[in-house]
Amino acid sequence: MQVSVETTSGLERRLIVGVPAEKVDTAVNAKLQEAAKTVRLNGFRPGKVPMRVLKQRFGASVRMEVLNEVMNESFYQAIQEQNLTPAGQPSIEPKNMDEGKDVEFVATFEVFPEIETKDYTSLEVVRPQAEVTESDIDDMIDNLRQQRASFETVERAAESGDKVVLDYTGTKDGEAFEGGSAEKTELELGSGRMIPGFEDGLIGLSAGDEKTLALTFPEDYHAEELKGAAVEFAVKVHEVKAKQLPELNEELFEQFGVKEGGVDAFRAEVRKNMERELERATRNRVKNQVMDGILASHGELQIPKALVAQEIEALRQQSVQQFGAMAEQLDVKALLPDEMFTEQAEKRVRLGLILNEIINQNEVQADADKVKAAIEEMAQGYEEKDAFIQWMYGNQEQLRQVESMVVEDQLVDDILEKATVQDESMSYQEAMTPAAEIDEDSEEGEDDPA
């Protein structure tokens, strides 16, 4: 077998492979002879079909099958000989497949970049130092009650925080516009769901009241024909509902798994969960700084386009899940083009390659005790904790993901020992801010047409 390698550009390699005709012909004959033992053709007894007939009937298809096998086998043999590791699947182009002649094909693929790891002694990390106070617990309990609030009809004017059931019809220059009308719809005042001025205009109205709101759409509104447009909304209120917070009683406590001990036990459970979330947020904040530092220390790094394409598709599929069953009816690539994910995908691929190199060079392996601790922490969110732990250890794919996470955490701990770490005192809310900002970004959407 003859092999030559060319570097076409960056990480791309062009492998030209030549395979002696004799190897292909021998394999074709062997397959035909094996087939001759079982093939059945009219006019011939089983096992007695002449080789010339077999070649005439099956030679072309058998040869094509052999060629595919030979090219795949030769490709992997060639990259081993040349000490090459493809990143992604190769593109194989046949050049000479004629019978009786040496086979030649060209395989084009990308290789992994060579990465020189750093010592990270110049890395600077700020580590939050925060604690959960009684005031923080009060705020959290209030949030929990708000989440479980109910709304009951009241005979008074609407206030901020109430819900109103209303009809509305929007017009622009006297003409109704698409999406600007609704009947018996429910709206929480102060939610920011509608365009500026709409919800404020309903405060003070009671059931049966009607009003016309003169408003202006924002300049950055998503519908081109309504950007900055002056409009009117004719509204009619059918019902006003006031928010009712649940009492701090046994019924509420049981919803959070606290069956005895009253308010003290409930507050203790809330504290425990908040401290666990605080520890996780602190760890993630530190880890993100380390990861950003690792990326920055390696500067520009060429990365295989094939891996970026795979990561883009993975990110797109994650986004598709939000559409649920509707996803099958959507043109996903048009709705979520590659450009939406390219920057994030490139960052994830670049970081993944660097981390793999560091892990391999330092022979980092997941500590069994830390894997167990990580799984037990995950189990805290389940009622049947023991069953969840048993399931995790029985699911190899899930277990490998946890082990990978633990290895990353061990790597971060190792780098922190070499880095400059500065502790910074802050409140619980300040320490939790990154997670809160992510939640707000994910919940932000465009205003309703009204």
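Definitions and limits used
- Residues numbered from 1 in each chain as written.
- Predicted model: local features only at pLDDT ≥ 70, side-chain atom pairs only at ≥ 80, totals over all residues.
- Heavy atoms only, no water.
- Axes fitted to C-alpha atoms, helices over the stretch in contact; angles between N-to-C directions.
- Helix = DSSP H or I, 4+ residues; strand = E, 2+ residues; numbered from the N terminus.
- Parallel < 35°, antiparallel > 145°, perpendicular 65-115°, else oblique.
- Left-handed = near helix turned anticlockwise from the far one by under 90°.
- Contact = heavy atoms within 4.5 Å.
- Phe/Tyr/Trp six-rings, centres within 6.5 Å; stacked < 30°, edge-to-face > 60°.
- Buried < 20%, exposed > 50% of the residue type's maximum accessible area, 1.4 Å probe, protein only.
- Pairing = 2+ DSSP bridges.
- Nonpolar A, V, L, I, M, F, W, Y, C, P; charged D, E, K, R; others polar.

Participant: Quick question: what am I supposed to make of the packing of helix 9 (residues 368–379) against helix 11 (residues 396–418) here?
Facilitator: At their nearest, the axes of helix 9 and helix 11 sit 9 Å apart, and the two run at 115° to each other. Of the possible angle classes, the one that applies to helix 9 and helix 11 is roughly perpendicular. The handedness of the crossing between helix 9 and helix 11 comes out as right-handed. In this structure, helix 9 uses Lys 370, Val 371, Ala 374, Ile 375 and Met 378 to contact helix 11, whose residues at the interface are Leu 399, Val 402, Glu 403, Met 405, Val 406, Gln 410 and Asp 413.

Participant: Help me understand the packing of aromatic side chains in this model?
Facilitator: For any pair of aromatic rings, the description consists of the separation of the ring centres together with the inter-plane angle of the planes. The final tally for this structure, using the stated rule, is 12 aromatic pairs. With centroids separated by 6.1 Å and ring planes inclined at 75°, the aromatic side chains of Tyr 168 and Phe 233 adopt a geometry described as edge-to-face. Taken as a pair, Tyr 168 in strand 7 (residues 163–172) and Phe 233 in strand 10 (residues 230–244) lie far apart in primary sequence, 65 residues in all. Among the residues examined, Tyr 168 registers a relative accessible area of 6% and is labelled buried. Linked through ring pairs, Tyr 168, Phe 177, Phe 198, Phe 217, Tyr 221 and Phe 233 together constitute an aromatic cluster.

Participant: Teacher, can you tell me more about the sheet that holds strand 2 (residues 12–19) here?
Facilitator: Strands in a sheet are paired, the pairing made by backbone hydrogen bonds, and the direction either parallel or antiparallel. Taken together, the four strands give an open sheet; going across it, the order is 1-2-4-3, and neighbouring strands pair in antiparallel fashion. On the outer flanks of this sheet lie strand 1 (2–9) and strand 3 (91–96), each paired with one strand and no other. Going across the sheet, the axis of each strand differs from the next one's by a mean of 20°, ignoring polarity. Where strand 2 and strand 4 (residues 103–110) come together, eight bridges link them in antiparallel fashion. Considered in strand 4, the bridge of Glu 12 is made with Glu 110.

Participant: What should I look at first to understand the packing of helix 8 (residues 342–362) against helix 11 in this one?
Facilitator: Geometry of a packed helix pair, given as the angle between the helix axes and the separation of the axes. Here helix 8 crosses helix 11 at 75°, and the two axes come no closer than 11 Å. Accordingly, the angle class assigned to the pair helix 8 and helix 11 is roughly perpendicular. Contact with helix 8, carried on its side by Leu 355, Ile 358 and Ile 359, involves Val 407, Glu 408 and Leu 411 of helix 11 and no other residues of that element. In terms of residue class, the contact of helix 8 with helix 11 is built from five nonpolar, no polar and one charged.

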